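Per-entry structural report
One-letter residues, chain by chain:
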Amino acid sequence: MNPFYNPVFLSKILKSYFFDINRLKRLNYQQLQIYRDKQIRKIINYAFTVPLYKDKYKKAGIQPSQINGVKDLHKLPLISKFDIESYYPDGIISAKANKDKLIKITTSGTTGKKLSIFSDPCDVILWFFIYIRVIREYGINWRKNKLTIIGDFAPHTIGSGYVKQGFLKNLTGDTFFKNIQWLDTNSEPKDVIKEVDKFQPDFVGGYPGMLGHLALLKEKGYGRNINPQYIATIGSVLDSSLKKFIQETFSATVFEVYGATETGTMAFQCSKGNYHIMSDIVHMEVENNGDIVSYGKAGKLIVTKLYGYGTPIIRYDAINDIVALKQGKCNCGMAGSLLEKVYGRDDLSLLFKDGKVMLASSFAEIFSRVLYELKTNKIKNTHIIQHSLKNLEIQLVIDDNDKNDKISVSDIFSIIKEGFQKKVGSDIEINIKQVEKIDRTGPRIVSAVDRNSFVVKQYI
Ligand SMILES: [Zn+2]
């Protein structure tokens, strides 16, 4: 049965619609703090019904009564990828949960290691409502304006889990969602631009890579009817030059939305340019070399999800993003904390001498120059292999079929080599190779450098 006909579920949704979307606007900082503490107590009580958390907390000598709010979270041990894996599947959900109602979500596995958790039906609705919260800040109305969402609908992902298998499947294609176009980022950019051109959206949300390709096609004369007012990027770090290119090509305002499979949307840039944390649905901490660090210092994200009855996410140490928090408030009227910067995925990083760590955001910066400077989308796939601290191999799959594209392989090689050399120094040996094929199921970045003995000094 379509759960939208179930009155209990519907009333939950309506309550969420009226209370969740505007919470950061409605509550002041003090009220938000009270709300957050209440949510923490709820999820901790719930976590004690989940074998993984129950065992971990018992071992650490923690009772639910000791955790009264955000200020007590530090008493709890961190939860690693390994913890989730070893208790999967039955140990990561509540003994009270109805397993058939949960939706299995698998993280994207950019390093080749996938991780599955369970999400509950209300998470799905909240995921969509938080999207509404974001676009509402830009004056976009999801019932009046047209929205194109280019998500990752590969079979195992959050997008697919929610839109295709989850409850939204009952609504997609329905008149309820007639203003929303769902497209798959794994499709060919030329096919995607045709669909977007027909739909003529006011808003486009997608991954930086796909949006960059669309901008290049638009510049070459495709998609003449695509004139959105706003474009939001999700999924990976957007470098400032690529942002400028997309912004200028579409004459649209571009902003970033930050999220992860396990938590949904965690933060977004408001119209004042500040990165707001969705403090009513997540709590963020930053860890560097074993310590929790304060504002302005970069480190690994430790996240706690303040809602949901699937797998609890509490002091979760498996997202592997490098971020920094920002002190202060924004004057746009939204309560909650701020993020200073999202640096990118740590498990997609390369390590160099003197404690230098090169993150995914730097790769994006280098590779996007191929798009907006050389104006070519010939690169179809990349694979980076670090053989040692001093030797890097970059493999590229290049599509040479477009006869109108006069950019040569050596032009592409030299812009990439120059980009890497500028970041890591001229003493590092960089070999770029053209290959026929790359196994997309394997990790995109492989490094022979030992991470365990490495001390992080600087992110480049
Ligand atoms: Zn703001």
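In this text the structure is predicted, and so the values were computed from the model without any measurement. (Residues numbered from 1 in each chain as written. Predicted model: local features only at pLDDT ≥ 70, side-chain atom pairs only at ≥ 80, totals over all residues.)

**Some points on the sheet that holds strand S20 (residues 445-447)**
The pairing of strands in a sheet comes from backbone hydrogen bonds and takes either a parallel or an antiparallel form. Sheet architecture is open: four strands sit in the order S19-S18-S17-S20, paired in mixed fashion. The strands lining the two open edges of the sheet, one partner per strand, are strand S19 (429-435) and S20. Pairwise comparison of adjacent strand axes, ignoring direction, gives a mean angle of 15° for this sheet. Here strand S17 (residues 379-388) runs beside S20; their pairing, made up of three bridges, is parallel. The residue bridging Ile384 from the neighbouring strand is Ile445, located in S20. Its contacts with the sheet place helix H12 (residues 409-424) against S17, strand S18 (391-398) and S19, and it is angled at close to 150° to S19. (Pairing = 2+ DSSP bridges. Helix = DSSP H or I, 4+ residues; strand = E, 2+ residues; numbered from the N terminus. Axes fitted to C-alpha atoms, helices over the stretch in contact; angles between N-to-C directions. Contact = placed C-beta atoms within 7 Å.)

**What to know about the sheet that holds strand S15 (residues 350-352)**
Taken in spatial order, the three strands make up an open sheet running S15-S16-S21, and their pairing is mixed. Two strands in the sheet have a free side with no partner beyond their single neighbour: S15 and strand S21 (458-459). When S15 meets strand S16 (residues 356-358), the two strands line up antiparallel, connected through three bridges. Of the residues in S16, the one forming a bridge with Phe352 is Lys356.

**Notes on helix H1 (residues 7-19)**
Compared with an ideal rise of 1.5 Å per residue, which puts 13 residues at 18 Å, H1 spans 18 Å between its outermost C-alpha atoms and is within 8% of the ideal. Taken across its 13 residues, H1 has one buried, putting it largely on the surface. (Expected span 1.5 Å × (residues − 1). Buried ≥ 20, exposed ≤ 12 C-beta atoms within 10 Å, placed from the backbone.)

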